[in-house]
Amino acid sequence: MKVSVIGAGNVGATCAMRLLESGLCDVVLLDILESLAKGKAEDLMDAASLIGHGNSAIGTSDYRDIVSSEIVVVTAGFARKPGMTREELLTKNASIIKDVAKNIAKHADNPIIIVVTNPLDVMTYAVHKESGLDSKRVFGMAGLLDSSRMNLVISRTLQKPLRDADSLVLGTHGETMAPALSQSKISGKPLTDCASQEMLDDIVKKTKSRGAEIVSYLGKGSAFYAPSAGVFRMVRAIIDDTAEILPCSCFMQGEYGIKDVYLGVPAKIGSEGVKEIVELPLTEDERQFLKTASDSVHKQLQLL
Ligand code: APR
């Protein structure tokens, strides 16, 4: 299998490392800065005999190298700076993304595209439109990251082992993120039965601000270990055709009463991409949060 990663920055290079070192696929690392992509790919190859994997990585700025990639991961663009919202990133990243999407469509043969560049739900829409690929083959990585963050927040708040936390975050990867408390569990029990309202409010607040918290610690750039882990889970689901249900930014066509936007929802992921968007029995409040999230993405699409 061959996976191309567009953008050899923090997220892209860490994705490449996870994919290579898990033995899942060969990787093409493409960046506008050719030398950066080459340097990172060569460095990753220097580690191959130590880790003991047999995959290859190349670094390039030439889109002809992505030919016959089954999957393309898009991480090109700017990361958030402290104090900057994901929405402010929109105008900066939109022009990059449009160019990247056209090049992918031209050089890779009907790949599956996973978008990571922020603001995620809007950039995923832009990639879908500009690439002309079926919406089932273009989706975004955010819900896995936000749900994983929520698991950590739950485990720390309730002082339970991390492996016992199983949460779900829907909506946008942004200010209108919608943690689905009704679908979240701790030690197999509904989270809402195990935490006070005050604790639940705190869990939601901390989950929503986790990305900004990491940005403020780092001082420069934004999170990349956890985002790349989210991409890894999605690529593995596609390559192994697992049909597992993962929260992803998917093109909505009436599910949850929402249309014509990309939004974080649970989806069955396999070798053809999104097999199905799964409609869970959300509470009325959670449906309303999703609607608010969808309105916010619609507004950003106007800007786009
Ligand atoms: N084509 C290819 N690569 C590009 C282009 C382009 N047109 N424009 C920029 N890049 C490259 C940059 O050269 C840089 O190496 O994208 C890379 C981005 O890397 P970082 O700045 O390290 O950003 P990173 O932390 O990887 O985040 C990338 O993912 O999680 C999101 O919010 C994050 O939008 C951001 C994206």
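Here's what I pulled together on the structure shown here. Each chain has its residues counted from 1, running along the sequence as written. Totals for whole chains, interfaces and linings use every residue, but because this is a predicted model, local features are given only for residues with pLDDT of at least 70 and side-chain atom pairs only at 80 or more, for both listing and counting. Side-chain figures throughout are based on the complete set of non-hydrogen atoms in the structure, without hydrogens or water.

## Considerations on the pairing of strand E1 (residues 2–6)
Stage number 1. With four of its five residues buried, E1 lies for the most part within the structure.
Stage number 2. Following DSSP output, two strands are said to pair if at least two bridges run between them. Comment: elements are numbered from the N terminus, with helices defined as DSSP H or I runs of at least four residues and strands as E runs of at least two. Inspection of the sheet shows E1 paired to strand E2 (residues 26–30) by five bridges, in the parallel sense. Within the sheet, the bridge partner assigned to Ser4 lies in E2 and is Val28.
Stage number 3. Handedness of a crossover is defined as follows: with both strands directed away from the viewer, a clockwise route from the first strand across the helix to the second makes it right-handed. Handedness of the E1-helix H1 (residues 10–21)-E2 crossover: right-handed.
Stage number 4. Note that E1 and strand E4 (residues 71–74) share four bridges and pair parallel. Looking at E4, one finds that Ile6 is bridged to Val74. Relative accessibility thresholds used throughout: buried, under 20% of the residue-type maximum; exposed, over 50%; partly exposed, between the two (1.4 Å probe, protein chains only).

## Thoughts on the layout of surface pockets
Stage number 1. Here a cavity denotes a set of grid points, spaced 1 Å apart and computed over the protein atoms alone, in which a 1.4 Å probe fits but from which it cannot get out, and a pocket denotes an open set meeting protein on both sides within 12 Å along at least five of seven lines; residues with an atom within 4 Å of a point are reported as lining. Grid points are joined across faces, edges and corners, and a volume is the space filled by probe spheres set on the points. Empty space within the largest pocket amounts to approximately 1,000 Å³.
Stage number 2. For the largest pocket, the lining is made up of 44 residues, of which Thr75, Ala76, Gly77, Phe78 and Ala79 are closest to its centre.
Stage number 3. Looking at the lining of the largest pocket element by element, the count peaks at five residues for helix H4 (residues 89–107).
Stage number 4. For this scheme, ten residues count as nonpolar: Ala, Val, Leu, Ile, Met, Phe, Trp, Tyr, Cys and Pro. Four count as charged, namely Asp, Glu, Lys and Arg, and the remainder, Gly too, count as polar. When its residues are assigned to classes, the lining of the largest pocket shows 21 nonpolar, 15 polar and eight charged.
Stage number 5. The wall of the second largest pocket is formed by 21 residues, among which Leu144, Ser147, Asp166, Ser167 and Pro247 lie closest to the centre.
Stage number 6. Elements with a contribution of two residues or more to the lining of the second largest pocket: helix H6 (143–158), helix H10 (225–239) and strand E12 (244–253).
Stage number 7. Split by residue class, the lining of the second largest pocket holds twelve nonpolar, six polar and three charged.

These figures capture arrangement, not role.
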